[in-house]
Amino acid sequence: MLRLLSVRLFQAILVMVAVTAIAFVMFRFVGDPVAAMVREGATQAEKEALRMALGLDKPILTQFVDFVGQVLTGDLGTSFRYQQPVVSLLMSRLPATLELVIVATVLALAVGIPLGVLCALKPNSVFSRLTQATTLVGISMPTFVTGLLLILVFAVNLRWLPSSGRGDLVDLGFWQTGFLSLSGLKSLILPSITLALFQLTLIMRLVRSEMIDVLSSDYIRFAFARGLPRAHIYGRLALRNALMPVVTVTGLQIGQLIAFAIVTETVFQWPGMGLLFTNAVGYPDVPVLAAYLLFVGFLFVMINMAVDILYTFIDPRLRTR
C-alpha cells in the first residue's frame, strides 16, 4: 500500500511539473501581458517599467523558477480582464461548477448502475434492447444539441424550468450554494441532466458488459449451485467485481466533467469555471487560461490517486502489492 502511494505520488509530481511548464509557456508567450495591462496612450517608459515590475526582462529560466515559486505559494497572477487575482476568480466560480458536477455524477451513477445490472440480467429482453438503443442515441448527440433541446422543451415550451443562471443562492460564508433554495434546485436540473447523459450511458454500458462477464464465471455458477440467495450473488459477488472498471471510468469522468463542462456552462450561462474559461479565451485572458490549466491538471492527478486508493478497498488483494 505504501509502495503504491509512493509511486503514484512521484508520478503526480512529474505530471504537475510538465503541466506547470506548459502553463508557463502559455503565460509567457501567448500575447503580451504588458500590452493587455497598460492604459491607452502609455509611453514606452511606462511599458518598460511595467515589464520590469512583472519580471519579464529576466532570463527565461529565471522567469520559470519565479513562476513555479508563485504557483507553490498560490499566486497565479492577476486577470487581464477583471484586474483581480486569478485564484479569487477561480474560487468564486468553483462552487457553481462543483455543484453541477456533483449532481451530474450522482445522477449518472444512480441511473446508470441499476440500468446496467438490469440489462445484464436479461440481455436479450425488449427492455435491454430498447435501453441500449436509446443510450446509443444519447451518446451520439453533441452536448450543446442536447442542452438546446432541453431548453426548448422544458424552458421555452412548457416553462417548467429556467434556461440559465443558478437561481437564488444561499451564502454560507465560505460557499454560495443553490442547494438550499427552490429556484437554485430547479436551475440545476437541465444543466445537470445535459452533463450527466454521456457519463450515464458510458456507466450503463460498462456495468452491463462487466456484469455479463462476471455472471458467466465459475465462482458465480458455484454460488448458484450452493443455493445462495440471488440478491447476495448479484449484489455482493457479481456487482462488486464488476465495479472495478466503473470506479476507474467514474473517477476520470469526474475530472473530465469539471474540465469540459465548458459547453454545458456556456449553453446554460452557468456561472462556473467553464464559462470563465470561455470568456477568457475570447479576451484573451492568459493568466486565467494558465491557471485553469494548472487547476485541471492538479485535479486529474488527485482523482487518479483517489481512484488507486479506492481500488484497495474494492479489491483487498491490491493492498499487498
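Residues numbered from 1 in each chain as written. Predicted model: local features only at pLDDT ≥ 70, side-chain atom pairs only at ≥ 80, totals over all residues. Heavy atoms only, no water.

Visitor: Can you walk me through the packing of helix α7 (residues 143-157) against helix α8 (residues 182-215) in this structure?
Guide: Any two packed helices are characterised by the angle at which their axes cross and by the distance between the axes. Between α7 and α8, the shortest axis-to-axis distance is 9 Å and the interhelical angle comes to 145°. You can see that α7 and α8 cross each other, and the crossing is right-handed. Residues Thr-143, Thr-146, Gly-147, Leu-150, Ile-151, Phe-154 and Ala-155 of α7 form the contact with α8, whose participating residues are Leu-190, Ile-193, Thr-194 and Leu-197. (Axes fitted to C-alpha atoms, helices over the stretch in contact; angles between N-to-C directions. Helix = DSSP H or I, 4+ residues; strand = E, 2+ residues; numbered from the N terminus. Left-handed = near helix turned anticlockwise from the far one by under 90°. Contact = heavy atoms within 4.5 Å.)

Visitor: Honestly, the UniProt feature "transmembrane region" (unreviewed entry) in the protein in this entry has me stumped. Any pointers?
Guide: Per the UniProt record, the feature "transmembrane region" (unreviewed entry) sits at residues 12-30, 100-121, 133-156, 242-268 and 288-314. Counted over residues 100-121, helix gives 100% and strand 0%. Its end C-alpha atoms are 32 Å apart. A helix fraction of 89% and a strand fraction of 0% characterise residues 242-268, whose end C-alpha atoms lie 35 Å from each other. (UniProt positions renumbered as here; feature names shortened; annotations may be inferred.)

Visitor: What am I meant to see in the environment of Ser-163 here?
Guide: Position of Ser-163 among the secondary structure elements: in the loop between α7 and β1 (170-171). For Ser-163, a relative accessible area of 33% corresponds to the partly exposed category. Sequence separation between Ser-163 and Lys-186 is 23 residues; the distance between their C-alpha atoms is 9.8 Å. Residues contacting Ser-163, with those up to four places away along its chain left out, are Ile-151, Ala-155 and Phe-268. (Buried < 20%, exposed > 50% of the residue type's maximum accessible area, 1.4 Å probe, protein only.)

Visitor: Sorry, what's going on with the packing of aromatic side chains here?
Guide: To describe a pair of aromatic rings, one takes the distance between the centres and the angle between the planes. What the rule picks out here adds up to 2 aromatic pairs. Ring centres of Phe-154 and Trp-160 lie 6.1 Å apart, and the angle between their planes is 45°; this geometry places the pair in the tilted category. Note on Phe-154: relative accessible area 26%, which makes it partly exposed. (Phe/Tyr/Trp six-rings, centres within 6.5 Å; stacked < 30°, edge-to-face > 60°.)

Visitor: Help me understand a nonpolar patch on the surface, please; the structure alone is not making it clear to me.
Guide: Taken together, the side chains of Val-137, Met-141, Leu-149, Leu-152, Val-153, Val-156, Leu-158 and Trp-160 make up a nonpolar region of the molecular surface, amounting to roughly 700 Å² of accessible area. A total of 4 residues in the nonpolar patch trace back to one element, the largest contributor, which is α7. Within the secondary structure, Val-137 sits in helix α6 (residues 126-140). (Patch = residues over 30% accessible without salt bridge, like charges linked within 9 Å, V, L, I, M, F, W, Y side chains within 5 Å. Areas by Shrake-Rupley, 256 points an atom, 1.4 Å probe, with all protein chains shown as cover. Salt bridge = Lys/Arg side-chain N within 4 Å of Asp/Glu carboxyl O.)

Visitor: What is the right way to look at the side chain of Thr-177 in this model?
Guide: You can see Thr-177 is positioned in strand β2 (residues 176-177). On the basis of relative accessible area, Thr-177 is assigned to the buried category, the value being 4%. Within the local environment of Thr-177, its side chain forms a polar contact with the backbone nitrogen of Phe-179, the two atoms lying 3.0 Å apart. Setting aside its immediate chain neighbours within four residues, Thr-177 contacts Glu-99, Arg-166, Asp-168, Leu-169, Val-170 and Leu-172. (Polar contact = N/O pair within 3.5 Å; in protein donor to acceptor, adjacent residues only side chain to side chain.)

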